[in-house]
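Coordinate inspection notes
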Amino acid sequence: VARTLGTKTHFPGAVVTYALVHQLDGIAKAKANRLKVITSASVSKLLMEGSKVVGVEYQAGSTQKEMGIVLLATGGFAGDTSPTSFLAQNASQLLQLPTTSDERTNGDGIQLAQAVKAAVKNMNMVSVYPTAAVIPGMENDKFKIVLSDAIVGAGGKLINGEGKQFVSELDVAQKRADAMARTKGPFRIVISEPDADKVKWLCDFYVSRKVMKKYSNAAQLAGEMKVPAASLPPLGSGPVLVAQVTPAIYTCAGGLAIAEGKVLTGTGEAVDGLFAAGEVTACPCPTTWSASGVPLLYSIYTGRQAGKSAATALGAKEKVSDLGSIATAVEEKKPEKKPEDMSKEELLAYCKELESRPAAAAAPAADAGPPGVTLEEVAKHNKKDDAWVVINGEAIDVTKWIPVHPGGEQAIMAYLGKDATEE
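Residues numbered from 1 in each chain as written. Predicted model: local features only at pLDDT ≥ 70, side-chain atom pairs only at ≥ 80, totals over all residues. Heavy atoms only, no water.

Regarding helix 5 (residues 173-181), the residues found buried are Ala173, Arg176, Ala177, Ala179 and Met180. Down the axis of helix 5, the smallest arc covering the buried residues is 160 degrees, so these residues share one side. Opposite the packed face of helix 5, turned more than 90 degrees from it, sit the exposed residues Lys175 and Ala181. Residues of helix 5 that are buried make contact with strand 6 (126-133), helix 4 (150-153), strand 7 (157-159), strand 8 (187-192) and strand 10 (240-252). (Buried < 20%, exposed > 50% of the residue type's maximum accessible area, 1.4 Å probe, protein only. Helix = DSSP H or I, 4+ residues; strand = E, 2+ residues; numbered from the N terminus. Arc of directions from axis to C-beta. Contact = heavy atoms within 4.5 Å.)

The structure is reproduced here in structure tokens:
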């Protein structure tokens, strides 16, 4: 059963995020007059002229300003569980749960807009996801990684502490989470190896990261759970893969009131010069929000709406399309023909051109460098405040990178202390 927006070998959220980051970076480098990217900065205030938003004040070592219309895409508020947070004000019953969002998802974009009389809607509608992974050694961490719903789409079963199925795995997330509150854990997703083959890349990833554990058969799992094997759902006679899961705060269906990407006031009028997209906004169909894939789809859809409305406000005369149409002009220079594809005459001319180039200065002799770091040593640095990964044979300290990672914390936390080259 198709459950999510998917790709064959990667997480869709990461694919979308990195594709866009790559496009934006290319446009910024090739067309600096169209796009400037400012990183490691924090917007502190929206600037106004009368009732119109005309720019932002931001902190980047010092207080600076950038003028123009503003489009907020800062995410929701599911990562802030402090006593003064939006969660505490609107859904305090969820504060004891872990969260799948990091601390950057704190509602700061909503606060900025509220300061210029923007309205909010459905702030109490916060989605709880039933299958946040409980990873060995990280059981008490407030932050949890989401287990993809593609697992239950392939045939995975959600069982309680007695080994019994207690809800349909194909129900929307909120219904499954509500059912978990009415029974007793610990909860697990179990899937037979033949079913797991349908999403093999995903299961291999989870097993390698200790999110899932492989058992030789269902009886071995039942023995560890101390329940009769007959209480488990039918899983066949072969190996089974198991992940322990727990309910966790997931995403926010409430946020800024918008219409076609324009931020609205309490009277329904658009705030001139202010646009918003994604989870910072209020979804108009909150009951559908907890269906698999909808938050990501909604973010893409509202991003397109806000982008088109913002472009119109800027006076775009040509038809507004997507980033791809802008980025096609980035690679205007044709790549050089490969030597093996050249004719004899072209190859001779190419060699003469190479000979005419200034000789490169001899590279200084490399010193021996520091002693090598073993994988065993890297494995010790697997915490958020002491985080190493290996990429292309180099051990890299990514501790300071985690909070600003464009794909979010969960996209990098699973690789701490490990070789992340392939991923």
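Back to the text.
Moving on, we come to the confidence of the model for the protein. With 89% of its residues at a pLDDT of 70 or more, the protein has an overall mean of 87. In the model of the protein, helix 10 (residues 323-327) stands out as the element of lowest mean pLDDT, 52, in contrast to strand 11 (residues 255-256), which has the highest, 98. Taken together, the stretch residues 329-335 has pLDDT below 50 and engages in five contacts with residues farther than four places along the chain or on a different chain. (pLDDT = per-residue confidence, 0-100.)

Further remarks concern the sheet that holds strand 15 (residues 382-383). Strand order in this open sheet of three strands is 15-16-17, and the pairing throughout is antiparallel. Two strands in the sheet have a free side with no partner beyond their single neighbour: strand 15 and strand 17 (394-397). Strand direction decides the pairing type here: strand 16 (residues 386-391) and strand 17, joined by four bridges, are antiparallel. When the bridges of strand 17 are listed, Val389 appears paired with Ile396. (Pairing = 2+ DSSP bridges.)

Our next topic: the layout of surface pockets. By volume, the second largest pocket is sized at about 590 Å³. Surrounding the second largest pocket, 28 residues form its lining, Ile135, Met138, Asp141, Asn382 and Met413 being those nearest its centre. (1 Å grid on protein atoms, 1.4 Å probe; cavity = no way out; pocket = protein on both sides within 12 Å on 5 of 7 lines; lining within 4 Å. Points joined across faces, edges and corners; volume = space filled by probe spheres on them.)

For the structure shown, the criterion picks out nine aromatic pairs. Between the aromatic rings of Tyr129 and Tyr250, the centroid separation amounts to 4.4 Å while the plane-to-plane angle is 40 degrees, which identifies the pairing as tilted. Of this pair, Tyr129 sits in strand 6 while Tyr250 sits in strand 10, and the two are 121 residues apart along the sequence. On the basis of relative accessible area, Tyr129 is assigned to the buried category, the value being 5%. On the accessibility criterion, Tyr250 (23% relative accessible area) is partly exposed. (Phe/Tyr/Trp six-rings, centres within 6.5 Å; stacked < 30°, edge-to-face > 60°.)

Strand pairing within a sheet occurs via backbone hydrogen bonds; the two strands may be parallel or antiparallel. Taking strand neighbours across the sheet as the criterion, the four strands line up as 4-14-13-12 in an open arrangement whose pairing is mixed. Each having just a single partner strand, strand 4 (70-72) and strand 12 (258-259) make up the two edges of the open sheet. Lying over the sheet, helix 9 (residues 294-313) contacts strand 4, strand 12, strand 13 (262-264) and strand 14 (270-276), oriented at roughly 140 degrees with respect to strand 14. (Axes fitted to C-alpha atoms, helices over the stretch in contact; angles between N-to-C directions.)

Taken as a whole, this structure holds twelve salt bridges when the rule is applied. Across the salt bridge formed by Glu103 and Lys384, the nearest N and O atoms sit 3.0 Å from each other. Separated by 281 residues along the polypeptide, Glu103 in the loop between helix 2 (86-90) and helix 3 (108-114) and Lys384 in the loop between strand 15 and strand 16 bring together distant segments of the chain. Of the charged contacts in the structure, one is a salt bridge between Arg176 and Asp149, with a shortest N-O distance of 2.8 Å. Taken together, the positions of Arg176 in helix 5 and Asp149 in the loop between strand 6 and helix 4 put the pair 27 residues apart, joining distant regions of the chain. (Salt bridge = Lys/Arg side-chain N within 4 Å of Asp/Glu carboxyl O.)

Our next topic: the environment of Ala218. Its location among the elements puts Ala218 in helix 8 (residues 218-225). In this view, Ala218 contacts Leu232, Leu235, Gly238 and Val240; residues no more than four positions away in its chain are not counted.

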